[in-house]
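Residue-level listing of the chains:
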Amino acid sequence: MKTMAGSEDQKFSLQEVLDTFKLCLSENKEVYLEQYVAGWRGLVKFLNSLGSVFGFISKDAVSKIQILVSYMKGENASHYATVQSMVKYELDNNLVDVNKKGSHPESGCRTLLRLHRALRWLELFLDRLRTSTEDSKTSALCAEAYNESLAQHHPWMIRKAAGMAFLVLPGRQTFFEVMNVGPPEQVVAKLGEALPLISEVYQITEDLYAQHNLLDLP
């Protein structure tokens, strides 16, 4: 199956994403933003390699990645080394619209929250793929994962469009081929390795955001 750009560097590699999320956590379990963003770049390749069906998520993810990169390269870059340092810096300096939309619609905290929510959906979907059987319907697996995660944060129109998009998803075999790992049993094993890492990064971020009441940023 062709990827969007067709070139090697645009090809999704599950191994690459696994390697990146392995490097995501520091010894004291802080989440490195650079590796988090790199992991998301890999996941965007995964979404794009399945055609335009996930365009509504991958386009949003790309724009969020660009915002975070601009902070990581900006004049306050030192504060954007980890998710923890970013949260502390932005809260200490009132750079987050905590209660209502205001003057910081592109704060690092809000931007990352959008990626964080989408990461949960991908984690749930990939886990369902991992435990699926040959006759499992990917559309149902994806819809279940979406309804458990992202759907709760999307308006009705987007939920409706997403539901329609999932109906035309390719079969399980195509998903496994896109992983670029090898035969199905290797894909399942590699997902079994990658998902706990993604899950840990997700949970650490979730707990941090919960602690600072940031999970419902407008």
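The shown structure was predicted, so the numbers you read here are calculated from the model rather than taken from an experiment. Residue indices begin from 1 for each chain and proceed along its sequence in written order. Selection of residues for local features in this predicted model requires a pLDDT of at least 70, selection of side-chain atom pairs for listing and counting requires 80 or more, and totals for whole chains, interfaces and linings are taken over all residues. As a rule here, side-chain values cover all heavy atoms of the structure and leave hydrogens and water aside.

Asker: Requested: an account of the overall build of the protein chain, with residues and values cited.
Answerer: A count of helices and strands for the protein chain gives nine helices and zero strands. Along the protein chain, helices (α) and strands (β) appear in the sequence α-α-α-α-α-α-α-α-α when read from the amino end. A radius of gyration in this sense is built from C-alpha atoms; the matching globule rule multiplies 2.2 Å by the number of residues raised to 0.38. For the protein chain, whose C-alpha radius of gyration is 17 Å, the value lies close to the compact-globule estimate of 17 Å for 218 residues. Along the first, second and third principal axes, the C-alpha atoms of the protein chain reach 50 × 40 × 30 Å. The rule is simple: take the accessible area with a 1.4 Å probe, protein chains only, and divide by the maximum for that residue type; under 20% is buried, over 50% is exposed, in between is partly exposed. Taking all 218 residues of the protein chain together, 49% fall into the buried category. Strands are runs of DSSP state E lasting at least two residues, helices are runs of H or I lasting at least four, and both sets are numbered from the N terminus onward.

Asker: Break down the side chain of Arg172 for me, citing the residues and quoting the values.
Answerer: In this fold, Arg172 is placed in helix H8 (residues 172-178). Note on charges: Lys and Arg go in the positive column, Asp and Glu in the negative column, and His and the chain ends are not counted at all. We define a salt bridge as a contact between a side-chain nitrogen of Lys or Arg and a carboxyl oxygen of Asp or Glu at a distance within 4 Å. One buried charged side chain, Arg172, makes no salt bridge at all; its nearest oppositely charged neighbour is Glu134, positioned 5.2 Å away. For Arg172, the contacting residues outside a window of four places in its chain are Leu129, Ser132, Thr133, Glu134 and Thr138. Only heavy atoms matter for contacts: two residues are in contact if any of them lie within 4.5 Å across the pair.

Asker: Summarise the nonpolar core; cite the residues concerned and give the values.
Answerer: Within soluble globular proteins, side chains that are nonpolar generally end up buried alongside one another. Buried Ala, Val, Leu, Ile, Met, Phe, Trp, Tyr and Cys residues that are joined via side-chain atoms within 4.5 Å together make up what is termed a nonpolar core. If you look at the biggest cluster of nonpolar residues, it comprises 69 residues, and the most contacted ones within it are Trp40, Phe46 and Trp121. The greatest single-element share of this core, amounting to 12 residues, is contributed by helix H5 (residues 108-130). In contact with Phe46, other than residues within four places in its own chain, are Phe12, Leu122, Leu126, Phe175, Val178 and Met179.

Asker: Explain helix H3 (residues 55-72) residue by residue, including any values.
Answerer: Here H3 is 18 residues long and its end C-alpha atoms lie 25 Å apart, about the 26 Å a rise of 1.5 Å per residue gives. Among the residues of H3, Gly55, Ile57, Ser58, Ala61, Lys64, Ile65, Ile67, Leu68, Val69 and Met72 are the ones counted as buried. Among the structural elements, helix H2 (33-49), helix H4 (83-92) and H5 are those in contact with the buried residues of H3. To estimate how far a helix should reach, multiply one less than its number of residues by 1.5 Å.

Asker: Describe in detail the pattern of salt bridges, supporting the description with residues and values.
Answerer: As enumerated under the stated definition, the model contains 10 salt bridges in all. Note that Glu193 and Lys22 form a salt bridge whose closest N and O atoms lie 3.7 Å from each other. Here Lys22 lies in helix H1 (residues 14-22) and Glu193 lies in helix H9 (residues 184-211), a separation of 171 residues in the sequence. The exposure class assigned to Glu193 is partly exposed, which follows from its relative accessible area of 37%. The exposure class assigned to Lys22 is partly exposed, which follows from its relative accessible area of 45%. A salt bridge links Arg120 to Glu123, with the nearest nitrogen and oxygen atoms 3.2 Å apart. Placement of both Arg120 and Glu123 in helix H5 is noted, with a separation of three residues, approximately one turn of the helix.

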